[in-house]
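Listed here are the chains, written in short residue letters.
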Amino acid sequence: AQTVTQSQPEMSVQEAETVTLSCTYDTSESNYYLFWYKQPPSRQMILVIRQEAYKQQNATENRFSVNFQKAAKSFSLKISDSQLGDTAMYFCAFIAYSGAGSYQLTFGKGTKLSVIP
Amino acid sequence: DGGITQSPKYLFRKEGQNVTLSCEQNLNHDAMYWYRQDPGQGLRLIYYSQIVNDFQKGDIAEGYSVSREKKESFPLTVTSAQKNPTAFYLCASSIFGYTGELFFGEGSRLTVL
């Protein structure tokens, strides 16, 4: 079974500073996708960034970037120039095809990030 | 605007009653999902469906049932067999179930009295 571990239940960062959220996963699959989702207090989940496992280059989306270490099964999210609107729960997620038309979707338990003015 | 609509947003149920949560999408997505969210537990997959008239159990399917008679709709029934149904329920959809981004509804909060 696939597992996703977010070891930091809560974190805080000063506005305009940089913060890194960690995520590790465990799988025997070689082809998979990794995601970071954001859930603000409104509870509407939105995609922050996505990484294909076969790509060595780390994904970036404006102030958000990842550090993908496939051998270590690590997928951390870096938020630069933190803004008050970044305050939210962040979930790491993993999707792998497990054959016979089925696939595994697994989310971590989340990291609550607070941006302090 | 395209999106996913969940209803109702808040629902109260007495013990022993079945309740159905609605999920409708107009994104023309093939795959749809139901997740349960509890404090400190993250999101856990209940059921998912990749095509009409087909669905598969997720990690915590016991006490739940679904149907997929139309591409746009994926209702979830919480049955009386679900021992701890009070939770926040999220519906999602995607273009390709394996690689695609998940689009989420705003969620439904179920409370058992």
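Whatever comes next refers back to the structure up there.
*Asks:* Describe the environment of B:Ser94, listing the residues and the values that go with them.
*Replies:* All names here are of chain B. Considering the arrangement of structural elements, one finds Ser-94 in strand β9 (residues 87-94). Here Ser-94 falls in the buried class, since its relative accessible area comes to 0%. When the C-alpha positions of Ser-94 and Phe-12 are compared, they lie 29 Å apart, and in sequence the two are 82 residues distant. Discounting residues that sit within four places of it in the chain, Ser-94 has contacts with His-29, Asp-30, Ala-31, Tyr-33, Gly-100, Glu-101 and Leu-102.

*Asks:* So, the layout of surface pockets: which residues are in play, and what are the values?
*Replies:* Its boundaries defined by the atoms lining it, the largest pocket holds a volume of some 320 Å³. Residue lining of the largest pocket: 20 residues in total, with A:Gln39, A:Arg43, A:Met89, A:Lys112 and B:Gln37 positioned closest to the centre. Looking at the lining of the largest pocket residue by residue, the class counts come to eight nonpolar, seven polar and five charged.

*Asks:* Run through the pattern of salt bridges, naming residues and quoting values.
*Replies:* All names here are of chain A. By the definition in use, this model includes eight salt bridges over all chains. Its salt-bridge partner being Arg-50, residue Glu-52 comes within 3.0 Å of it at the nearest N-O pair. The residue Arg-63 makes a salt bridge to Asp-86 at a minimum N-O spacing of 2.8 Å. Residue Arg-63 is found in the loop between β7 (60-61) and β8 (64-69), and its partner Asp-86 is found in the loop between β9 (74-79) and β10 (88-99); the two are separated by 23 residues along the sequence. A single salt-bridge network, built from bridges that share partners, covers Arg-50, Glu-52 and Lys-55.

*Asks:* Explain the pairing of strand β12 (residues 111-116) of chain A to me, and be specific about the residues and the numbers.
*Replies:* Residue and element names in this part refer to chain A. Only one face of β12 is covered, namely the face carrying Thr-111, Leu-113 and Val-115; the face carrying Lys-112, Ser-114 and Ile-116 is uncovered. Both strand β2 (residues 10-14) and β12 contribute to a ladder of five bridges, which runs parallel. Residue pairing for β12: Glu-10 is matched across the bridge by Lys-112.

*Asks:* Explain the state of the cysteines to me, and be specific about the residues and the numbers.
*Replies:* Residues and elements named next belong to chain B. Tallied over the full model, the rule gives two disulfides over all chains. Two residues share a disulfide in this structure: Cys-23 and Cys-91, whose sulfurs sit 1.9 Å from each other. With the S-S dihedral at roughly -75 degrees, the linkage between Cys-23 and Cys-91 falls on the left-handed side. With Cys-23 in strand β3 (residues 19-25) and Cys-91 in strand β9, this pair connects stretches of sequence that are 68 residues apart. Residue Cys-23 shares its accessibility class with Cys-91, and that shared class is buried.

*Asks:* Tell me about the sheet that holds strand β7 (residues 64-66) of chain B, residues and numbers included.
*Replies:* Adjacent strands of a sheet form backbone hydrogen bonds with each other and so pair up, either parallel or antiparallel. Residue and element names in this part refer to chain B. Here we have four strands laid out as an open sheet, ordered β1-β3-β8-β7, and antiparallel in their pairing. On the outer flanks of this sheet lie β1 (4-7) and β7, each paired with one strand and no other. Within this sheet the neighbouring strands show an average axis-to-axis angle of 20 degrees, counted without direction. With three bridges connecting them, β3 and strand β8 (residues 76-78) associate as antiparallel partners. Counterpart to Leu-21 in the pairing with β8 is Leu-76.

*Asks:* Describe the interface of chain A and chain B, naming the residues involved and giving the relevant values.
*Replies:* Across the boundary between the two partners, chain A contributes 22 residues, which contact 24 residues of chain B. Regarding the contact of chain A and chain B, the summed buried area is about 2100 Å², with carbon and sulfur atoms giving 54% of it. Interface area lost by chain A to chain B is led by A:Arg43, A:Tyr103 and A:Leu105, which between them contribute 30%. At the junction of chain A with chain B, the criterion picks out zero salt bridges. Of all the elements, strand β5 (residues 32-39) of chain A adds the most residues to the side of chain A that touches chain B, at five residues. Of the residues assigned to the side of chain A that touches chain B, the class counts are 13 nonpolar, six polar and three charged.

Criteria and cut-off values
- Residue indices begin from 1 for each chain and proceed along its sequence in written order.
- Working convention: letters from A go to chains and numbers from 1 go to ligands, in the order in which they are written.
- Owing to the predicted nature of the model, reporting of local features is limited to residues with pLDDT of at least 70; listing and counting of side-chain atom pairs is limited to 80 or more, with chain, interface and lining totals taken over all residues.
- Hydrogens and water molecules were not included; the side-chain quantities draw on all heavy atoms of the structure.
- Helix and strand assignments come from DSSP, with helices taken as H or I runs of at least 4 residues and strands as E runs of at least 2, each series counted from the N terminus.
- Burial classification: accessible surface area is computed with a 1.4 Å probe over protein chains only, and a residue below 20% of its type maximum counts as buried, one above 50% as exposed, and the rest as partly exposed.
- Working rule for contacts: check all heavy atoms of both residues, and any pair within 4.5 Å makes them a contact.
- Of the two site types, the cavity is a set of points on a 1 Å grid over the protein atoms alone where a 1.4 Å probe fits but cannot get out, and the pocket is an open set with protein on both sides within 12 Å along at least five of seven lines, each lined by residues with an atom within 4 Å of a point.
- Grid points are joined across faces, edges and corners, and a volume is the space filled by probe spheres set on the points.
- Amino acid classes used here: Ala, Val, Leu, Ile, Met, Phe, Trp, Tyr, Cys and Pro are nonpolar; Asp, Glu, Lys and Arg are charged; the rest, including Gly, are polar.
- Whenever Lys or Arg places a side-chain nitrogen within 4 Å of a carboxyl oxygen from Asp or Glu, that contact is recorded as a salt bridge.
- Here, strands pair whenever DSSP counts at least two bridges between them.
- Cysteine sulfur atoms are paired as a disulfide whenever they come within 2.5 Å of each other.
- Fitting a line to C-alpha atoms yields each axis, with helices limited to the stretch in contact; the angle taken between N-to-C directions then spans 0 to 180 degrees.
- A 1.4 Å probe defines the accessible area here, and the buried area is the portion of it lost by two parts on being joined, summed over both.

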